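Structural overview for review
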Amino acid sequence: MSVIDDIKDSHIKGDLIPFVGAGFSENIDGYPNWQKFIKILEADINIKLSPNPSIVYYDIFGDDPLEAAEHYVWTMGDWSIKRAGSKFVALKPLKEGKKILLNKLKYLFSQYQYDSSKWNVHDKLVKKFNKTIYTTNWDDTLEKALNNNLEPIYRPEHFRTIKTQPSIIKFHGHFKDKKDFGESLIACETDYLKRLSEENPFDIKFKNDLLHNDFLFIGYSFNDPNVKLVLYQIGEIMNRYKVQPKDKSNIFWLSSEYSDDKRVEMLTHRGIKPYFLLKEDQQLELKHDEVEIKLKIKCRPCSFFWKCNDDNCANYIEKENIISAFNTKKKHYLNIEISNFLDQI
């Protein structure tokens, strides 16, 4: 059977659990992705925190938003303690920085209110899956699509309420976590390393579900830092329990990449089945656009056009507009295909 047939079969049997990533929330017009989120943090510190090739900050941290977020948390934590005065020197910069980050998230997510005319993909997802939904997202878009009639599970003590259906499991925390200023939030490199070094109740829950169910990863890209952790955990689970190939759960990956992307081999080597959202003609069109963009940028008089980060530079502004137009087109295609996919299964 084809991958889409396998997905349909799993869903019909009630074995399929969606695992929702940051890219899925981008279906909502204006919702920030990882890159845009880091740009939002730029206003708070002098160094620009953007994994964008045009920003000097890119030369420091490459395309790793976890390192960028780590720097933001520590920088803002130090700034907060120094501003508070000498009597607060015992405060920990990381904790103070996480508090500032949490407040930033609360402000950001409060700006997006549920709108049935714009949230149709979210509506389709929560209607299709009435059992368990996993997500690494901190936002509350899935809850809003369900009319906020349930409490998400983002702390260990919440597992007592998991009998309610559907259950939204916040695998990496929630921006509404008031305990210890967002202790559940996994946002920066320190959070990830800590999660890897100790067994967490959410990891135990995921392991159990992974041994008994199939998973559909939706809204993830290879640039999403959550991918590294989750794929690592899947491999560890399968290897540790010596699960035979015929007994392994199906792991499906809804890919927003091109079908000839070499990084897809990383998925297939781990036994993960990719399903490519973009149709062949859409991929060809977008690839052609990418070539045209590179030619336009290369031909500009500014020799540092691609690296230029001067907001007043006409070349920089034109480059940003060109890239924005391309991203808008690709996002439009993906929104259509995700909606079509949910209609099919």
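Note that the structure is a prediction, hence the values are computed from the model and not measured. (Residues numbered from 1 in each chain as written. Predicted model: local features only at pLDDT ≥ 70, side-chain atom pairs only at ≥ 80, totals over all residues. Heavy atoms only, no water.)

Positionally, Glu236 belongs in helix H11 (residues 225–240). A relative accessible area of 30% means that Glu236 is categorised as partly exposed. Linking Glu236 and Lys207, residues 29 residues apart in sequence, is a C-alpha distance of 9.7 Å. (Helix = DSSP H or I, 4+ residues; strand = E, 2+ residues; numbered from the N terminus. Buried < 20%, exposed > 50% of the residue type's maximum accessible area, 1.4 Å probe, protein only.)

Turning to the pairing of strand E5 (residues 251–255), a few remarks are in order. E5 sits mainly inside the fold: five of its five residues count as buried. Neither face of E5 is left uncovered, since the one carrying Ile251, Trp253 and Ser255 and the one carrying Phe252 and Leu254 both have all their residues buried. Pairing between strand E4 (residues 214–218) and E5: three bridges, direction parallel. Pairing of Phe215 across the sheet is with Ile251, part of E5. For E5 and strand E6 (residues 272–276), the ladder comprises five bridges, and the chain directions are parallel. (Pairing = 2+ DSSP bridges.)

With that out of the way, let us pick up the pattern of salt bridges. Tallying each qualifying case throughout the model produces 18 salt bridges. Salt-bridge contacts for Lys144 lead to Asp140; the nearest nitrogen and oxygen are separated by 3.5 Å. Under the relative-accessibility criterion, Asp140 is labelled buried at 5%. A salt bridge links Lys329 to Asp289; the nearest nitrogen and oxygen atoms lie 2.8 Å apart. On the criterion of sequence distance, the pair formed by Lys329 in helix H14 (residues 314–344) and Asp289 in helix H13 (residues 280–298) is long-range, its members being 40 residues apart. According to the relative accessible area criterion, Lys329 is partly exposed, its value standing at 27%. Because the salt bridges share partners, they merge into one network encompassing Asp140, Lys144 and Lys176. (Salt bridge = Lys/Arg side-chain N within 4 Å of Asp/Glu carboxyl O.)

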